[in-house]
Each structure stands twice: as structure tokens, then as C-alpha cells.
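# Coordinate inspection notes
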Amino acid sequence: MALLEVKNLGIEFPMRREVLRALQGVSFSLDAGERLGIVGESGAGKSIAAFAIINLLSKPGRINAGEILFEGRDLTVLDDNAMRDIRGNRISMIFQDPMMTLNPVLTIETQMIEVLKAHREISDNDARKIAVEKLREVAIPSPEDRLKSYPHELSGGQRQRVVIATALLTNPSIIIADEPSTALDVTIQAGIMALMLNLCKSHDMGLILITHDLAVVSQVTERVVVMYAGRVVEEGPTADIVTHPKHPYTRGLIAALPQEGTAGKRLNQIPGSMPTLDAIPDGCAFHPRCPHADDVCRASVPEIVKVGNQFSRCVKATELAEENSL
Amino acid sequence: MNAAIRRFAQSNFMYSFGRDKVAMVSFAILAAFVILAFSAPLIAPYDPYDQTTIDIMDSEIPPAWQDEGEARFLLGTDAQGRDMLSTILYGTRISIIIGVCAVLMQMFLGITIGLVSGYVGGRIESFFMRLADIQLSLSTLMLAIVALAIFQAAFSAEAYSDLAIIMLIMVIGFAEWPQYARTIRASVLAEKKKEYVDAARVIGLGAPTIMFKHILPNTLSPLLVISTVQVANAIISEAALSFLGLGIPVTKPSLGSLINSGFEFIFSGSWWITAIPSIVLIALILCINLLGDWVRDALNPKIYKEK
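Residues numbered from 1 in each chain as written. Chains lettered and ligands numbered in written order. Predicted model: local features only at pLDDT ≥ 70, side-chain atom pairs only at ≥ 80, totals over all residues. Heavy atoms only, no water.

### Digging into the overall build of chain B
- Per the secondary structure count, chain B includes 14 helices and zero strands.
- Along chain B, from the amino end to the carboxyl end, the secondary structure elements read α-α-α-α-α-α-α-α-α-α-α-α-α-α.
- Based on the C-alpha atoms only, the size of chain B along its principal axes is roughly 75 × 50 × 30 Å.
- Relative to its full complement of 307 residues, chain B shows a buried share of 44%. (Helix = DSSP H or I, 4+ residues; strand = E, 2+ residues; numbered from the N terminus. Buried < 20%, exposed > 50% of the residue type's maximum accessible area, 1.4 Å probe, protein only.)

This is how it looks when you write it as C-alpha cells:
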């Protein structure tokens, strides 16, 4: 059985006039120690899916369908106390901007020890020892001294390492990383991603990496879920998706990478932009931007179909796959 | 601990203090007042609370530097023959105690209500903030006068004079909590959008821990600034209430009741009974307000004074 299984998840935001559907029928799963990437443009619902897993949707968002099974327990029906025990303990989360995720007025030590104390009966001294050990694992030099530092005394990369160390404190079985390297320099980004990869391997920890950076996804993850306008449009092994994308949207994303362009010409792009939640088109949400769209696409939402190793939510998936292999 | 002290000594806050002459002088005068007031039982030449040492024959003696003054009463005596210097020392002590304790009570109420309103939001927030609006639309003194008048009517005069300090602290403390609640709520609304609050929730911390340990320390600068103003206001409120005869009884006078007790003698020429406590009160308030101004500038990163 999968460690984490998201089944047919739907999330809606009831607004004054209408109900906005942020996620519809999203399903994916994560095995122990597996690394899964969730890819998509801004607004595709990646982060909302992550917050739904740890039950921290911001108001007025609510889960209106589906279930989230973690070790067989449905997280959507757990009460606050039971959820607090899982959140930060069994499932940790890392955010985008390390400048913002550390409290500016508390020392690293206070913030790290607090995590352990929130989940275990532990003395300050023992907690400090674990904190030092975790800081050493994320390659922070002289961790004992760094514990006494305030966040503003560390560089961006170091701060993100501290954030990662904090997430590791309780030896969680899943880490959800929401664009963990976006706010950092490219060189530091590479270092952080390599660190995450090593930590996941050495601790046999599951990783859900949310990003729009396909390069990062291909380095780190084993499987990818591509999301568009609140639905999963393609899913499969990373290697297959990156080399043989089946859904036109994924193809567009990959074609848009600068290295896919031809020197001296304009870079490829997907025309138009992601629809807002109150204006999701009928049928396949991607059809207004899709080069292959026809009347069938406008008529109804396509089912997700298996093509080779991948799943694609496109009526022409098989067709396109053949065309692709030519 | 030593490291914390060193960090504080080297902070911008202390640097700015060392550069600001007004701040240093105000702080020095304020410190002198506080030390003198709180060592009153040790340094005051007489005990104004001890009725047996008071001689009515000594009443209305002018300060020592006047022609009719006597050396044993440096600042003269009041209508009952009490030594003004001793009475002022004791009175300042009462005024400062009431000012600080009332502000502590305002802080306690205001911080709790403001944090909860800002963090929880919804109906709780609407309820408390409307309550604050209503209370702010009534003046502090009006509320205090009504409350104290009821207390005075309800208790006997003796019981009231024993309870007067506590009553004043409660009344002034309760009347001004909206100042803190609104300031805190505004900061909390800004802070709770920041990712470190999300991160704290993701860690699995409960709401009280997040409010008091994570958000509260980030809202301390505005708190510190309004606290100085509020202490000054509380002392003024106490003086005003005492002046109106609703505050501290004349047997154990505060600055306000001293000023009041001398008021009727001004036209008979005994100006010092009112004037000297007034000068002390004004100096005290002025120093606190000047310090407050400096704290506001020093804690505001947008104001950087070249000096």
C-alpha cells in the first residue's frame, strides 16, 4: 500500500457569488522513500494540494470531495489534535522563501527546539543535541555556534539549510517542499537540491517536490504529476515524461525550456495563459491554448487514459504518442 | 546572559540613545524621579502619613528660600502642616505606581484581546473591535468618573480610601485597553500573513504558542512606543481624577490630590502648595513623553537620523 494516497480530491472556495473549484478529482500516490514532483504553472493548484495534505487550507477553502490516506488513515476527517501530531512530525513542509519562514526575532535554537518539544517529551539538552546533529547533516559549518544565531545573521542558502534541518528534526516519513529553491541563486539552488536528494535517499524519506522548474524535477524526482487548472493532466515516471510527454500541455512546457529553442529564434511558448478559477473553459481546460484542439475537446472533460508508462488526460493521447514516436 | 547584555549594549538602540542628548537628559531626570520617589521612606525628612508628627501650627509655611520660610521645611508646608518635600516624594511614588500598574493592566487586557482578535478573526474580532470603538467614543475620564463615583457611593469613605489605589489602577487600566488592542491587532494582521506563521502551523504548534511566542515578539516595537505615552497618560488621568476629588484621598496624597488640596489656597497667597507638585508632575510627564518620542524614532527603521 502506498504511504500517501490522494484519491479524487476536490477543493472549493465558496465566494460571495460563486463557488470556485481549485482542485477537481486530483489523485496521486507516494510510496515510502519515493520522490514525486508536482509541476504546473502558477495557479494550477500545486500548493493548494500540498496544504490540503497537511490540512491547512486557508479560509474559506474546504475539501468537498475525495480522501487523503496517510498510512491508511484519512487525514481529511482527523480532528485538530490528531492532525497536529502528524503535521510537522510525520509530514514536514518546506516553503519557498527562507527569509520569511524563520521567525526573525527568535534564535535558530529556540525555533528548532520548539519543534521537538511540540511533538515529544524531551529535555532541552537532548533537543539541542538532535538540532546540532541535524544541522551537521545539512552541512552547516560549526552548528553549535549557529544555534545561537538569529535568522538575519545567516545567508539565504544557509537559512534554507536551517529550514531543511528543522523539517528533518522529527525524522518525518514525508517532506513536502513547495518550491524550495526558487528564492535562491542558481548555484545555491543546485546545492540545496543535491542536499535534498541525498537526505531523501539516506533517510528513506518520501518527497513531494512542488515546482515549475522541470530541470529540477528531472534531477530529483522519480515520478511526476503535471497539473493544469486544478486537474492532473499527466502522470508518469520522470524520465518518460521529460523525454516523451504525452499531454499537449506537458509538451508545451518542455518545448518552452530555453535549451529546446533554436539559437537566433524566439523561444517557444504556450500561447495564452492559465484560465482563472472563475473562467475555466468547458471541456478540456487546456483546449483554448492547445494546437491540437477540435470539437471533441470542447465538448467534455477528457478521462485520464493510460499511454505506455504514463497517464494522460487527453482524448488524443494515443494519437499524439504515435505521432511523437515517428 | 552576558552575551545578551553585550548584544544590547552594542545595539543600534543604545547607539542612538548615546547620541541623543534629549533622550539622555530625560532619562536621567526620569530615573532621578523614580529613585527619589521609591526611596521616599528613607530620604524624606518627615512621614506625611503619620498624623502624630503633623502640627497644625506649621501650616502654610512658605518654601525655605522665601523670607518667612523655615529651614526645616525646604519646600514649605501645606494647609495641614505637612512637609511639602516629603509629601511630594510620597505622592510621586503613588503616581508612578498607579501609572505603571494601570498600563500593565491595559497591556494585559489589550495584548490578549488584540492578539486573539487579529489571529482568530471572524466574529470574535468584530465583537471586540466594535467594543473598542464604543469605548473609545467615550472619554477615559468620563468612564472613570462614573465608575469611581459609583465605587465611592458603594463603599464607606474609609474603605474607599484603602482601596483607592487599586480602584484607580483598575479603572484607568480598563478604560484604555482599546489603545493596545487596536495597535496589536493591526500588527497581528500584518504579521499573520507572513510565512513564518504558516511554518509554525506546519510544525504542528498550537494557536496559543503561535500567538504569544511567534507573533507577539514581532509586534513589540509599536507596543513599546505606545507604552511610554500610555504611562504618561495614566499618570495624567490619575492626577485629573484626584484633582476632581475622585481619586486618591488627601490623607495619602498623590500629585493630583496635592495639587487639588492647594488649589483653594492660591488666592490666599500659598501658591507653593499647588505650584510645586504641578511642576513635578509636568516635568515627569514631559520626560516620559520625550523619551517616548525618542523610542519611536529609534525603533523606526525608516527614520535614520544623521547626527
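The discussion continues.
### Here we look at the confidence of the model for chain B
- On average, residues of chain B carry a pLDDT of 84, and 97% of them reach 70 or more.
- Here the predicted complex scores 0.77 on pTM and 0.73 on ipTM. (pLDDT = per-residue confidence, 0-100.)

### A look at the side chain of D83 of chain B
Residue and element names in this part refer to chain B.
- Along the chain, D83 turns up in the loop between α4 (40-43) and α5 (84-120).
- On the accessibility criterion, D83 (3% relative accessible area) is buried.
- Separated by 2.6 Å, the side chains of D83 and S86 make a polar contact. (Polar contact = N/O pair within 3.5 Å; in protein donor to acceptor, adjacent residues only side chain to side chain.)

### Side note on the state of the cysteines
All names here are of chain A.
- Under the criterion given, the structure shown has zero disulfides over all chains.
- With no disulfide partner, C284 has as its closest neighbouring cysteine sulfur the one in C297, 6.0 Å distant.
- Taking the relative accessible area as the measure of exposure, C284 reaches 13% and is therefore buried. (Disulfide = S-S within 2.5 Å.)

### Quick notes on the domain arrangement of chain A
All names here are of chain A.
- Taken domain by domain, chain A consists of domain 1 (1-90 + 174-326) and domain 2 (106-169).
- In this complex, domain 1 contributes 16 residues to the contact, which on the side of domain 2 involves 12 residues.
- Here domain 1 and domain 2 share an interface that buries about 1000 Å² over both sides, 68% of which is from carbon and sulfur atoms.
- Summed over the three residues of domain 1 that lose the most area to domain 2, namely I192, L195 and L199, the buried surface amounts to 35% of that side.
- Inspection of the domain 1/domain 2 interface yields zero salt bridges.
- Our count for the contact surface shared by domain 1 and domain 2 stands at three residue pairs in polar contact (both at pLDDT 80 or more).
- Those elements that place two or more of their residues in the side of domain 1 that touches domain 2 are α2 (80-86) and α8 (186-203).
- Here the side of domain 1 that touches domain 2 takes seven residues from α8, the largest share from any one element.
- Of the residues that constitute the side of domain 1 that touches domain 2, the class distribution is nine nonpolar, four polar and three charged. (Domains from an automatic or database assignment. Contact = heavy atoms within 4.5 Å. Buried area = accessible area lost by both parts, 1.4 Å probe. Salt bridge = Lys/Arg side-chain N within 4 Å of Asp/Glu carboxyl O. Nonpolar A, V, L, I, M, F, W, Y, C, P; charged D, E, K, R; others polar.)

### With respect to the interface of chain A and chain B
- In this complex, chain A contributes 24 residues to the contact, which on the side of chain B involves 17 residues.
- Summed over both sides, the interface between chain A and chain B buries roughly 1800 Å², with carbon and sulfur atoms accounting for 60% of that surface.
- Taken as a group, F95, M100 and E114 of chain A account for 27% of the area that chain A buries against chain B, more than any other trio of residues on that side.
- Here chain A is connected to chain B by one salt bridge.
- In this structure, K213 of chain B engages E114 of chain A in a salt bridge whose closest nitrogen and oxygen atoms are separated by 3.3 Å.

### Some remarks on the environment of I130 of chain A
All names here are of chain A.
- Here I130 is to be found in helix α5 (residues 124-137).
- Residue I130 is classed as buried on the basis of its relative accessible area, which comes to 18%.
- Between the C-alpha atom of I130 and that of M112, which follows or precedes it by 18 residues, the distance is 9.3 Å.
- Contacts of I130, omitting those with residues within four sequence positions, involve L116, R120, I122 and L169.

### Brief notes about helix α7 (residues 140-154) of chain B
Residue and element names in this part refer to chain B.
- Spanning 15 residues, α7 covers 21 Å between terminal C-alpha atoms, matching the ideal 21 Å at 1.5 Å per step.
- What α7 keeps buried is the set T140, A144 and L148. Seen from one end, α7 has its buried residues packed into an arc of 40°, which puts them on one side. More than 90 degrees from the buried face of α7, the exposed residues found are I150, A153 and A154.
- At its buried positions, α7 is contacted by α8 (157-175) and α12 (220-243). (Expected span 1.5 Å × (residues − 1). Arc of directions from axis to C-beta.)

### Examining the environment of I54 of chain B
- Here I54 of chain B is to be found in the loop between α4 and α5.
- When neighbours within four sequence positions are excluded, I54 of chain B is seen to be in contact with P48, Q80, G81 and R82 of chain B.

### Examining the packing of aromatic side chains
All names here are of chain B.
- Summed over the entire model, instances satisfying the criterion amount to nine aromatic pairs over all chains.
- Centroid distance F17 to F27: 5.6 Å. Interplanar angle 90°. Geometry classified as edge-to-face. Taken together, the residues span a long stretch of sequence, with F17 in helix α2 (residues 12-19) and F27 in helix α3 (residues 21-38) at a distance of 10 residues.
- A centroid spacing of 5.3 Å and a plane angle of 80° characterise the contact between F243 and F263, whose relative ring orientation is edge-to-face. (Phe/Tyr/Trp six-rings, centres within 6.5 Å; stacked < 30°, edge-to-face > 60°.)

### Points about the nonpolar core
- Counting residues in hydrophobic clusters, the biggest one holds 102 residues, and the most contacted among them are I164 and M196 of chain A.
- Counting contributing residues, this core receives three or more from each of domain 1 (1-90 + 174-326) and domain 2 (106-169) of chain A.
- If near-sequence neighbours (up to four positions away) are discounted, I164 of chain A is found in contact with I94, V138, I192, L195, M196 and L199 of chain A.
- Among the nonpolar cores identified, the runner-up in size contains 59 residues, and L23, L57 and L75 of chain A together with V202 of chain B belong to it. (Core = buried A, V, L, I, M, F, W, Y, C linked by side-chain atoms within 4.5 Å.)

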